[in-house]
Amino acid sequence: AFQDMGQVSVLPRESLRARDGTSEDARGNTIRCERPVISSFYEQIPVCIEALTKHMRANAPKQRQGALSLLRCLASKLPHRVAPSMVRLQHELLRSLADSTSSIRYDGLCIVTDLARDFTDPAPFQQLAPELYPALIKCTMDSYYKVAAQGLRACGWYVHTLRSALSANAGHLTSVMEVLQRTLVATDIDQEVKEASLECFGHMLAVCGNQPFVLDALAHSMNAFVERMRNEVTRTTAMKALKRIAAAEIEPRVPLEPVLDQICVELCRFLDLSSRSIRQQVLDCTVPLLQRYGDGVPFETSCTFLAQVEKFVSDMDLYITDLCIQVIEALVRRSGVAAQIAELCLPRILTVCRSPLLQGAALESILRLLSNLFQFPEHFPFDALFDQLTDLSMLQDQQAQASRHVVATLSKALAQLVLRADPSTKQRTFSIFGQCLSSPADTGDAQVALRCELYLLTIGEIGKHEDLSAVAGVTDLMLQHLSSSRDEIAQAAAVGFGCMTAGAMSSFLAVLIQRMQTSADSPKIRYLLLTSLREVIAVNASRDAASLSQHISEHLDGIFTLLIQNATREEESVRAVVSECFGHLLAIVPEATAPQLHPLFRGASAEARATAVASLRCAAPRSCPVETMLPFADALVEALSDTDLQVRKAGLQAVNVVCQSSCNAVLRPVAGVVLERLWEESQVNHKLIREVDLGPFKHKVDDGLPLRKIAYQGASSLLAAYGEAVPVNRMMDFVKQGLTDQEDVQVGCCQLLSDLCVWARPAVVARLGDIIEPFERVITQSAKQAQNKQQASRVADNLRLFARTLKNVEAVAEGDGRQPFLDFVSRLNKDQAFAQAYDRVGSRDV
């Protein structure tokens, strides 16, 4: 009974957290704030623990076992709430660790492990250490292998709580190292014990590997650790332990020098293996190792590393490429290796820079590496790198969107090169830029246009980090290209000018505002200048909001006038830029922006209302305070009932984003009202279905379909943000209705049902009968379409989605509705296509 209580009373840890904000624990780890309704449950945890202690003192083993099972479940899911009661549980924990029943000992060790893994306050752990830690050490020598392995894990995690009291616990930690010294060389122990000893070894060295009382045992254990790395069975665990040791932020560092060469040789050997998972583990371990111990790696081993990682630098696997670049970056600091990097790695890196797939962490690593190459001008001469990065001949055959992405990437790389150059080289480079940009770029030569685009973006990237106000004519050069007949050049000039202004607000912002106020410009140029303003605000908002607020304050009146004028424009692209600007400003200068936004919500123009609502969508993800967003809650709810389609669409999108942001408390009081608005929008509106004459036949276009899709996304976001504040029965009505809609809506419907299986299991169980018939109809229809080869891929995706959703429902189905549901699934499995999809959905998707 206790075990059943533990399984059903505690939800997964992530489901107990809401997005009301974040905080940090003692080690800087982010902890999400939790729902208000959960606080009442948390208040009962100390009472529950007090009651459990009585059961854990009982003489009946089954009673003690059940109480420990429930406590273990609580410790696993809510460690921060159970840890303060550790001192109260001291005698019960010690008794469980010394119990004659192995399962009770194992549960006691699991409780200690879970609490130590996610500790926030080390005080109770340090208070219990004199009595509890020796009991953990005794369990490491238990005859039952599971208890011994869990004892080692508990000792490993517990040592993190003793970081500030190592000297007081030196005797206990020395005893643990002696145990590890024996288990690392033992061959007649269970595999789980071997792996647990490696985990414990990694934790011990990451915390106290530089302490004098550990050094002797460490010297005798490192060779055994290397042998475990060589072993095919234990190498994965050993590499995880090595990564933890190398990444440990302790000074002086753990003395790995005696075996560093052997470790590096083994890691190089592992890179020859064909398994991608092994390769990823090796690189993931190698990066922190070389960053911390690169100065002790022999030259020959460094060259071997370069030869190995060079093969994996490509755009086919950007995660592996990112790790390889980090390895190269760690080695570039070594004298003598730069020549090998220039010969082996640089050509492949520059090839990846021309890939339209390059983005994210891999791009950031490449930019960071290029900025470090200036230290070795003899191997990486500026002119050679400049010529290679400005060679655009490979872009002629690429599509326009792909080539623009590559040009943007090359501009970032080129900017890193110029920023690290000496003043004379910078001056010469800007002369090259000016000479190229002064020539007409509107000719039919694609190479000239691409080069102009590259140089404009490069100037902007340089201007982000360096004040370019001293460069003669740079402002006129950028503004001149806003009038280019080539859209890509004009857009590059707008973005470049905005980035350049962000780096020199006092010099260029007034020029930008003054030019925007010029009525003689065409609508296209005004849109481009708005784009520049957006870049100014966006770049500084993410980098230095205080500086932006200071420099922009004297221009706010002019900026607001321009934004309000353009908020009523018919072009959606213009209004999108305006809403982004308003969103950034609302997060940075709310006291000045809010009064300007309120009239737009009540404006006669639907475009102005849509722009105002979209501004909230742009402000919410930027950590906009709840106090700033709260006055707009009623206006946002009213937008969901607006007569204009685009305003309602903007409102639905804003609700979806706000619910997922840190300011979601804004909509908590009106969550029920918002859900009803979403329900109204999820209905099929026949007035929004129009017929288009395509000559031989007619085609129906449903303009309400995008709104219904967003409505289902918003319902899922509402459930995740305010699960206790929304009527779950209405959510089940969403599910029942969505299954009869088009395929795009069915996707959102299945996601909503899967979320309900986590948040509102009783509601799903109570309404199982309502979803069986529509599910059976839609799955049968999809299964029939599987015979059409042209639709085979789409149908397979749909069947996989339905199968995953039904797996989630099956996991919570119980009571009178379970058997009819199982019979329904059994009928569906008679179809071969669905049966295959259902069988392939693993337990990890449930």
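For the structure itself, consult the block above.
The structure contained in this document is the topic of the report that follows. Numbering of residues starts from 1 in each chain and follows the order in which that chain's sequence is written. Under the rules for a predicted model, residues below a pLDDT of 70 receive no local features and side-chain atom pairs below 80 are neither given nor counted, while totals for whole chains, interfaces and linings still include all residues. Note that the side-chain values use all heavy atoms of the structure and ignore hydrogens as well as water.

1. Quick word on the overall build of the chain
Under the DSSP-based scheme used, a helix requires at least four consecutive residues in state H or I and a strand at least two consecutive residues in state E, with every element numbered from the N terminus. When helices and strands are counted, the chain shows 43 helices and 4 strands. Across its three principal axes, the chain shows a C-alpha extent of roughly 90 × 70 × 60 Å. For every residue, the accessible area (1.4 Å probe, protein chains only) is compared with the maximum for its type, and the residue is labelled buried under 20%, exposed over 50%, or partly exposed between those bounds. Across the 846 residues of the chain, 54% fall into the buried class. We call two residues in contact when some of their heavy atoms are within 4.5 Å. Once local pairs closer than 6 in sequence are excluded, the contacts in the chain between residues at least 24 apart make up 73%.

2. Remarks on the pattern of salt bridges
Salt bridges are defined as contacts in which a side-chain nitrogen from Lys or Arg sits within 4 Å of a carboxyl oxygen from Asp or Glu. All chains considered together, the criterion is met by 43 salt bridges. Between E681 and R648 there is a salt bridge; the shortest N-O distance is 3.1 Å. Note that E681 is positioned in helix α35 (residues 671–681) and R648 in helix α34 (residues 645–659), a separation of 33 residues in sequence. In terms of burial, E681 and R648 fall into one category: buried. Note that D733 is salt-bridged to R767, the shortest N-O span being 2.8 Å. You can see D733 sitting in helix α37 (residues 728–738) and its partner R767 sitting in the loop between α39 (761–766) and α40 (768–785), a full 34 residues away along the chain. The partly exposed category is assigned to D733, whose relative accessible area is 23%. Taking relative accessible area as the criterion, R767 reaches 15% and is therefore assigned buried. Taken together, the salt bridges that share partners define one network made up of E676, R730, D733, R767 and D770.

3. Observations concerning helix α28 (residues 556–566)
Owing to its 3.6 residues per turn, the α-helix aligns residues three or four sequence positions apart on the same side. When we look at burial in α28, the residues that qualify are L556, G558, I559, F560, L562, L563 and N566. For α28, the elements touching its buried residues are α25 (505–516), α26 (523–543), α27 (545–552), α29 (572–588) and α30 (590–601).

4. What to know about the packing of helix α15 (residues 299–309) against helix α17 (residues 338–353)
Axis geometry follows a simple rule: fit a line to the C-alpha atoms, using only the stretch in contact for helices, then measure angles between N-to-C directions, giving values from 0 to 180 degrees. For the pair α15 and α17, the least separation of the axes is 10 Å and the interaxial angle reads 15°. It follows from the interaxial angle that α15 and α17 lie roughly parallel. Pair α15 / α17 crosses with right-handed handedness. Along the contact surface, α15 presents F299, C303, L306 and A307, while α17 presents Q340, I341, L344 and C345. All residues other than Ala, Val, Leu, Ile, Met, Phe, Trp, Tyr, Cys, Pro, Asp, Glu, Lys and Arg, Gly among them, are scored as polar; the first ten of these are nonpolar and the last four charged. Among the residues making up the contact of α15 with α17, the classes are represented as 7 nonpolar, 1 polar and no charged. These descriptions rest on fixed angle ranges, namely under 35 degrees for roughly parallel, over 145 for roughly antiparallel, 65 to 115 for roughly perpendicular, and the rest for oblique. Two helices crossing with the near one rotated counterclockwise from the far one by less than a right angle form a left-handed crossing, whereas a clockwise rotation gives a right-handed crossing.

5. Quick notes on the packing of aromatic side chains
Ring geometry is summarised as follows: Phe, Tyr and Trp rings, the Trp one being its six-membered ring, pair when their centres sit within 6.5 Å, and such pairs are stacked at plane angles under 30 degrees, edge-to-face over 60 and tilted between the two. Within the structure shown, the criterion is met by 17 aromatic pairs. A centroid spacing of 4.7 Å and a plane angle of 45° characterise the contact between F433 and Y455, whose relative ring orientation is tilted. Pair noted here: F433 is in helix α21 (residues 423–438) and Y455 is in helix α22 (residues 446–465), with a separation of 22 residues, a long-range link. With a centroid separation of 6.2 Å and an interplanar angle of 85°, the aromatic rings of F775 and F802 are classed as edge-to-face. In this pair, F775 is assigned in helix α40 and F802 in helix α41 (residues 792–812), connecting sequence segments 27 residues apart. Accessibility assignment for this pair places F775 and F802 in one class, buried. The rings of F382, F386, F430, F433 and Y455 are connected pair by pair, giving a single aromatic cluster. Charge over a ring is defined by NZ of Lys or CZ of Arg lying within 6 Å of the ring centre and within 35 degrees of the ring normal. Geometry around F270 places R235 over its ring, the cationic atom sitting 5.4 Å from the centre.

6. Considerations on helix α7 (residues 123–139)
Given the number of residues in a helix, its expected span is that number minus one, multiplied by 1.5 Å. Here α7 is 17 residues long and its end C-alpha atoms lie 23 Å apart, about the 24 Å a rise of 1.5 Å per residue gives. Along α7, the sharpest kink reaches roughly 75°, centred on A129 and followed within four residues by the proline P130. Where α7 is concerned, the buried positions are P124, F125, L128, A129, L132, Y133, A135, L136, I137 and C139. Contacts made by the buried residues of α7 are with α5 (90–97), α6 (102–117), α8 (145–161), α9 (170–185) and α10 (191–208). To get the bend at any residue, fit one axis to the seven residues that end at it and another to the seven that begin at it, then take the angle between the two axes.

7. Focus: the side chain of R575
Locating R575 in the fold gives a position in helix α29. No salt bridge is formed by the buried R575; its nearest oppositely charged neighbour, E607, is found at 5.0 Å. The contact partners of R575, leaving out residues within four places of it in the chain, are N566, A567, R569, E570, E607, T611 and Q646. By the counting scheme adopted, Arg and Lys are positive, Glu and Asp are negative, and His together with the chain ends is not counted.

8. Looking at the environment of L482
With respect to the helices, strands and loops of the structure, L482 is situated in the loop between α23 (474–480) and α24 (487–503). Since its relative accessible area comes to 0%, L482 is described here as buried. Residues L482 and Q787, spaced 305 residues apart in sequence, show a C-alpha to C-alpha distance of 54 Å. Contacts of L482, omitting those with residues within four sequence positions, involve A490, A493, A494, I525, L528 and L529.

9. Some points on the packing of α8 against α10
Two numbers describe how α8 lies on α10: the axes approach to 8 Å, and their chain directions differ by 10°. By the angle between their directions, the pair α8 and α10 is classed as roughly parallel. Contact residues: α8 offers Y145, K146, A148, A149, L152, R153, C155, G156, W157, V159 and H160, while α10 offers E192, V193, A196, S197, E199, C200, H203, M204, V207 and C208. Residues of the contact of α8 with α10, tallied by class, amount to 13 nonpolar, 4 polar and 4 charged.

10. Looking at the state of the cysteines
Note on terminology: disulfide denotes any pair of cysteine sulfur atoms within 2.5 Å. Going through the model one piece at a time under the given rule, you end up with 0 disulfides. This cysteine, C324, is not joined by any disulfide, and C345 carries the nearest cysteine sulfur, 9.0 Å off. The exposure class assigned to C324 is buried, which follows from its relative accessible area of 0%. Unpaired in terms of disulfides, C749 finds its nearest cysteine sulfur in C750, a separation of 5.4 Å. The class of C749 is buried, set by a relative accessible area of 1%.

Bear in mind that shape data such as this cannot, by itself, settle questions of function.
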